[in-house]
Amino acid sequence: MPARRFRVLFVLVLVLSGCGRPSSPAVDAPVDFWVVVEADGDLSPTLDGGRVFAASGTEGLLIGADFSLQQRVVSVTRDIDAVEASAYGLRGPLHAPAGHEFVLTQVATQRCSDWGGNAAGLASEVVVGERVIVLDDPLECGDLLAVVAPVGVAVTLSVTTEGRGQGLNLRDGTRVGEIPEFYGFAEYVAFAESYEQSGDVTAKGVTRDVSLSLTFSAAARGPWDRHGERWAGDGRVWLRFAVTCSSDAYWGFSPEVSKHEPAVEWRLSAADSYSLVVGGETVAPANDDVDDLSDRSGEGVTCAGPVFGIPATAEGATLRVHPDGPMRAVWSDATAATKWSKGPPPAEYAVTFAPL
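A.B. asks: Describe the overall build of the chain, and please don't skip the residues or the numbers.
C.D. replies: Along the backbone of the chain there are 2 helices and 30 strands. Per-residue burial over the chain gives 48% buried out of 356 residues. Put simply, of all contacts in the chain between residues at least 6 apart along the chain, 71% involve residues at least 24 apart.

A.B. asks: I'd like a rundown of the state of the cysteines, residues and numbers included.
C.D. replies: A full pass over the atoms with the stated rule returns 1 disulfide. For Cys-245, the disulfide goes to Cys-303, at an S-S distance of 1.6 Å. Residue Cys-245 is found in strand 20 (residues 236-247), and its partner Cys-303 is found in strand 25 (residues 301-303); the two are separated by 58 residues along the sequence. Pair check on accessibility: Cys-245 and Cys-303 agree, each one buried.

A.B. asks: Describe the sheet that holds strand 30 (residues 347-352), listing the residues and the values that go with them.
C.D. replies: Across a sheet, strands are paired by hydrogen bonds formed along the backbone, either parallel or antiparallel in direction. With antiparallel pairing, 4 strands are arranged side by side in an open sheet as 23-22-27-30. A strand with exactly one partner marks an edge of an open sheet, and here the two such strands are strand 23 (281-283) and strand 30. Across this sheet, the average inter-strand angle for adjacent strands is 25°, counted without regard to direction. In terms of strand pairing, strand 27 (residues 316-321) meets strand 30 through 6 bridges, oriented antiparallel. Among the inter-strand pairings, Ala-317 is bridged to a residue of strand 30, identified as Val-351.

A.B. asks: Would you mind going over the pattern of salt bridges in detail, with residue names and values included?
C.D. replies: The tally for this structure, following the rule as stated, stands at 10 salt bridges. Here Arg-240 makes a salt bridge to Asp-225, at a shortest N to O gap of 2.9 Å. Placement of the pair is Arg-240 in strand 20 and Asp-225 in strand 18 (residues 224-225), with a sequence separation of 15 residues. Its relative accessible area of 4% is what places Asp-225 among the buried residues. Because the salt bridges share partners, they merge into one network encompassing Asp-225, Arg-230 and Arg-240.

A.B. asks: Go over the nonpolar core with me, naming the residues and quoting the values.
C.D. replies: Nonpolar side chains tend toward joint burial in soluble globular proteins. Counting residues in each nonpolar core, the largest one holds 39 residues, and the members touching the most others are Leu-214, Phe-241, Trp-266, Tyr-274 and Leu-319. In contact with Tyr-274, not counting residues within four places along its chain, are Leu-214, Phe-216, Val-243, Leu-268, Pro-285, Pro-306, Phe-308, Leu-319, Arg-320, Val-321 and His-322. Counting 30 residues, the second largest nonpolar core, distinct from the first, contains Leu-62, Val-76, Val-147 and Leu-170.

A.B. asks: An account of the sheet that holds strand 12 (residues 155-161) is requested, with residue identities and associated values reported.
C.D. replies: Strand order in the open sheet made by the 5 strands is 10-9-12-13-14, with antiparallel pairing throughout. Edge strands, defined here as strands with exactly one partner in the open sheet, are strand 10 (131-134) and strand 14 (175-176).

A.B. asks: Help me get a handle on the pairing of strand 9 (residues 122-128), residues and values and all.
C.D. replies: In strand 9, alternate side chains face the same way, and those of Leu-122, Ser-124, Val-126 and Val-128 are buried while those of Ala-123, Glu-125 and Val-127 on the opposite face are not. Taken together, the 7 bridges between strand 9 and strand 12 define a ladder with antiparallel strand orientation. The partner of Ala-123 across the bridge, within strand 12, is Thr-160. Sheet topology places strand 9 next to strand 10; 4 bridges connect them, and they run antiparallel. The residue of strand 10 that forms the bridge with Val-126 is Ile-133. In textbook terms, the turn of a hairpin is the stretch between consecutive antiparallel strands, and for strand 9 and strand 10 this stretch comprises 2 residues, one of which, Gly-129, has a positive phi near 65°.

A.B. asks: Can you tell me about the side chain of Gln-166, naming the residues and giving the values?
C.D. replies: Mapped onto the elements of the fold, Gln-166 is located in strand 13 (residues 164-169). Overall, the relative accessible area of 5% leaves Gln-166 in the buried class. A polar side-chain atom of Gln-166 sits 3.2 Å from the main-chain amide nitrogen of Ile-179. Contact partners of Gln-166, with chain neighbours within four places excluded, come to Leu-62, Ile-63, Gly-64, Leu-157, Ser-158, Val-159, Val-176, Gly-177, Glu-178, Ile-179, Phe-182 and Tyr-183.

A.B. asks: Account for the packing of aromatic side chains, naming residues and giving values.
C.D. replies: Here the structure, examined in full by the defined rule, presents 11 aromatic pairs. The interplanar angle of 80° and the centroid separation of 6.0 Å between the aromatic rings of Phe-182 and Trp-231 together place this pair among those described as edge-to-face. Residue Phe-182 is found in the loop between strand 14 and strand 15 (188-189), and its partner Trp-231 is found in strand 19 (residues 230-231); the two are separated by 49 residues along the sequence. The same class applies to Phe-182 and to Trp-231, which are both buried. Centre to centre, the rings of Phe-241 and Phe-308 are 6.2 Å apart; their planes meet at 85°, and the pair counts as edge-to-face. In this pair, Phe-241 sits in strand 20 while Phe-308 sits in strand 26 (residues 307-311), placing the two residues 67 residues apart along the sequence. Of the two residues, Phe-241 and Phe-308, both sit in the buried class. By way of ring pairs, the aromatic residues Phe-191, Phe-216, Phe-241, Tyr-274, Phe-308 and Tyr-349 are connected into one cluster. A cation sits over an aromatic face here: Arg-164 above Trp-231, 4.9 Å from the ring centre.

A.B. asks: Residue-level account of the confidence of the model for the chain, with values.
C.D. replies: Overall, the predicted model of the chain reaches an average pLDDT of 80, with 79% of residues at or above 70. Confidence drops under a pLDDT of 50 for residues 1-7, and excluding neighbours within four residues, the segment shows 35 contacts in the predicted structure. Between residues 12-40, whose pLDDT stays under 50, and residues either more than four places distant or in other chains, the model counts 72 contacts.

Thresholds, definitions, all that
- Residues numbered from 1 in each chain as written.
- Predicted model: local features only at pLDDT ≥ 70, side-chain atom pairs only at ≥ 80, totals over all residues.
- Heavy atoms only, no water.
- Helix = DSSP H or I, 4+ residues; strand = E, 2+ residues; numbered from the N terminus.
- Buried < 20%, exposed > 50% of the residue type's maximum accessible area, 1.4 Å probe, protein only.
- Contact = heavy atoms within 4.5 Å.
- Disulfide = S-S within 2.5 Å.
- Pairing = 2+ DSSP bridges.
- Axes fitted to C-alpha atoms, helices over the stretch in contact; angles between N-to-C directions.
- Salt bridge = Lys/Arg side-chain N within 4 Å of Asp/Glu carboxyl O.
- Core = buried A, V, L, I, M, F, W, Y, C linked by side-chain atoms within 4.5 Å.
- Polar contact = N/O pair within 3.5 Å; in protein donor to acceptor, adjacent residues only side chain to side chain.
- Phe/Tyr/Trp six-rings, centres within 6.5 Å; stacked < 30°, edge-to-face > 60°.
- Lys NZ or Arg CZ within 6 Å of the ring centre and 35° of its normal.
- pLDDT = per-residue confidence, 0-100.

Right, here's the structure in full:
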């Protein structure tokens, strides 16, 4: 099997004897030691006690702000021989001290997303009984976590982001104090739609048409809005749409002087241009972002898509598009406030949420 890279955390937790020190070291690694090593294979569940977690199940799954983590396997054992230890990039043989055992778990490389640069507001800990060990870095895809713990004592990975936390019992893959809004439906929402329409603008008695192109590529659904860095309320999630836009609003002046067609400075308003129907109720965007369309001709560029707060139990919704926002007509020697004399037609698009 080809060699693989793992970052390994070895945490030693001991119940001290009356003299205050164990008689001999239990593992051949210092406390809280992290190292990147070459590993020859995946963690095996065939030690004293272990199991493999289903890749499509919810056991061993922890989803949070900007990450997801799925246990691939967990093993519990008193001894790890040199061959087995070498496969994980560790020196062996390894022996747990009296009354203790190894709890080893590996993060899957599938159904997992690395934290990237989003770990600034994150606190990650391993809790062994009443002992709390602060991790320098969060676990990432493929990582192996090895903990020496008292026999049978709970070993929990705890993750907190901006005041809200949850945990994963590493022995059996059950969640502790979960944030339920993460687990009903998938975060990624397949949504690929295009809106291409035009309307008429009139200023100083002169009318011209203005076109708008919106391309929706996807949507994200969850209790944490990574762009706004905010939590939704209990029982609610954010739904944010990704969109690019372009317009000929500011294409320049007509060469036919008799027309005197103006350019149009148009600021597309998310609050005025979108709404969402969910559960029979119309919801307004939670964001008031605007995009200046004065220089959005040609290929589309990223615009501020709408963000809605919706019930976490919603299975779908309808996005309504009705473009609007402040406008100003611009000539070479004059300007004038303007608005649609005949707005672009509205459109509706169905949005479906996929169960997790």
